[in-house]
Amino acid sequence: MLTILSAAIAPALALLTFFYLKDRLEPEPLSMVLRTFLYGALLVFPIMFIQYAMKAEGMSANPIVYSFFTVGFMEEFFKWFIFLYTAFRHTEMDSVYDGIIYGVSISLGFATVENVLYLFAHGVDYAFTRALFPVSSHALFGVLMGYYLGRAKFGSYHPRLRILAAMLIPFLLHGLYDYILVIVTFNWIYVLVPFMIILWIIGLRKVRSAIQHPIEQIHTTK
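Cut-off values and rules
- Residues numbered from 1 in each chain as written.
- Predicted model: local features only at pLDDT ≥ 70, side-chain atom pairs only at ≥ 80, totals over all residues.
- Heavy atoms only, no water.
- Helix = DSSP H or I, 4+ residues; strand = E, 2+ residues; numbered from the N terminus.
- Contact = heavy atoms within 4.5 Å.
- Core = buried A, V, L, I, M, F, W, Y, C linked by side-chain atoms within 4.5 Å.
- Buried < 20%, exposed > 50% of the residue type's maximum accessible area, 1.4 Å probe, protein only.
- Expected span 1.5 Å × (residues − 1).
- Bend = angle between axes of the 7 residues up to and from the residue.
- pLDDT = per-residue confidence, 0-100.
- Salt bridge = Lys/Arg side-chain N within 4 Å of Asp/Glu carboxyl O.
- Lys, Arg positive; Asp, Glu negative; His and termini not counted.
- Polar contact = N/O pair within 3.5 Å; in protein donor to acceptor, adjacent residues only side chain to side chain.
- Phe/Tyr/Trp six-rings, centres within 6.5 Å; stacked < 30°, edge-to-face > 60°.
- Lys NZ or Arg CZ within 6 Å of the ring centre and 35° of its normal.

A word on the environment of Asp94
Thought 1: Position of Asp94 relative to the elements: it lies in the loop between α3 (63-84) and α4 (96-122).
Thought 2: Considering only alpha carbons, one finds Asp94 and Leu173, 79 residues apart in sequence, at a separation of 27 Å.
Thought 3: In contact with Asp94, not counting residues within four places along its chain, are Glu26, Glu28, Phe154 and Ile215.

Okay, here's the thing in structure tokens:
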């Protein structure tokens, strides 16, 4: 049991530490980071219930509906909603990179509980691939969500569109990630690895932009 818990939790803590330590100017209070992590963790249970009900009613039979709506939209919408009504309004979020920290924290809280449940059900042998793909992808979806919410809060350049983008972009990428897993049943790794590499490149570019321009309004940022 301890082995499974360690293997399930360690990747999320490593990724959260990686992004947290990049904020060298004014790191966020650990209490606030932990709080948002717990918010994300608690989201797993209502979302799992809704997803189970949708499957039971036959609403997830279509691969596109399952990937983009049952999984991608449901998970990213609730993370986005929690972010908006907790960290986004909090005074501790005082730069664009803070948005990334809280986006990653919420996402990794969700990914940690999901990972624990998965490894208890399927065994610790899946720990490495789970860390490499689902946990990492959740962290990067959180980077994008936090980046656009940070830009929305600290810039006057289409803030409402950026708030919308903070949900739509992670939702579409998450849906595409799951669609690959559903459709590509043979040698899926050859499709998913390039997808993850591109996702990391995009995520790290947003991290660099947020660190270099913590509060300025940047009209060229997409």
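Re the nonpolar core
Thought 1: Counting 55 residues, the largest nonpolar core has Phe19, Phe83, Ile100, Leu108, Leu149, Phe195 and Leu199 as the members making the most contacts within it.
Thought 2: Breaking this core down by element, the ones donating at least two residues are α1 (2-21), α2 (30-56), α3, α4, α5 (127-153), α6 (159-183) and α7 (189-212).
Thought 3: Counting residues in hydrophobic clusters, the runner-up holds six residues, among them Ile4, Ala7, Leu119 and Ala127.

A short note on α6
Think of an α-helix as 3.6 residues a turn; residues three or four steps apart then line up on the same face.
Thought 1: Between its first and last C-alpha atoms α6 spans 36 Å; for 25 residues at 1.5 Å apiece the expected length is 36 Å, and the two agree.
Thought 2: Remark: the principal bend of α6, roughly 30°, maps to Ala165.
Thought 3: Restricting attention to buried positions, one finds in α6 the residues Arg162, Ala165, Ala166, Met167, Pro170, Phe171, Leu173, His174, Gly175, Tyr177, Asp178 and Ile180.
Thought 4: Contacts made by the buried residues of α6 are with α3, α5 and α7.

Here's the deal with the confidence of the model for the protein chain
Thought 1: Residues with a pLDDT of 70 or more make up 96% of the protein chain, whose mean pLDDT is 91.
Thought 2: In the predicted structure, residues 218-222 sits below a pLDDT of 50 and forms 12 contacts with residues beyond four places in sequence or in another chain.

With respect to the pattern of salt bridges
Thought 1: In this structure the tally under the stated criterion is two salt bridges.
Thought 2: Notably, a salt bridge pairs Glu76 with Lys79, separated by 2.9 Å at the nearest N-O pair. A residue pair is termed a helical-turn pair when its members lie 3 or 4 positions apart in one helix, as Glu76 and Lys79 do in helix α3 at three residues. Side by side, Glu76 and Lys79 carry an identical accessibility label, which is buried.
Thought 3: Of the charged contacts in the structure, one is a salt bridge between Arg130 and Glu114, with a shortest N-O distance of 3.9 Å. Linking Arg130 in helix α5 with Glu114 in helix α4, this pair joins segments that are 16 residues apart in sequence.
Thought 4: Among the residues examined, Arg130 registers a relative accessible area of 11% and is labelled buried.
Thought 5: The class for Glu114 is partly exposed, based on a relative accessible area of 22%.

Focus on the side chain of Glu75
Thought 1: Relative to the helices and strands, Glu75 resides in helix α3.
Thought 2: No salt bridge forms around the buried Glu75; measuring N to O, its nearest opposite-charge neighbour Lys79 is 5.4 Å away.
Thought 3: Here Gln51 takes part through its side chain, which lies 3.3 Å from a polar atom of the side chain of Glu75.
Thought 4: Discounting residues that sit within four places of it in the chain, Glu75 has contacts with Ile47, Gln51, Phe110, Glu114, His138 and His174.

Details of the packing of aromatic side chains
Thought 1: For the coordinates displayed, the defined rule picks out 14 aromatic pairs.
Thought 2: When the ring of Phe77 is compared with that of Phe78, the centres are 5.5 Å apart and the planes differ by 80°; the resulting orientation is edge-to-face.
Thought 3: The class for Phe78 is partly exposed, based on a relative accessible area of 25%.
Thought 4: On the basis of an interplanar angle of 50° and a centroid distance of 6.2 Å, the ring pair of Tyr177 and Phe195 is categorised as tilted. Here Tyr177 is found in helix α6, whereas its partner Phe195 is found in helix α7, with 18 residues between them in sequence. With respect to class, Tyr177 is no different from Phe195; both count as buried.
Thought 5: These aromatic residues form a ring-pair network of at least three members: Phe69, Phe73, Phe77, Phe78, Trp80, Phe81, Tyr85 and Phe171.
Thought 6: Here the guanidinium or amino end of Lys79 rests over the ring plane of Phe110, the centre of that ring lying 5.6 Å away.
Thought 7: Sitting over the ring of Tyr118, Arg130 keeps its end group 4.3 Å from the ring centre.

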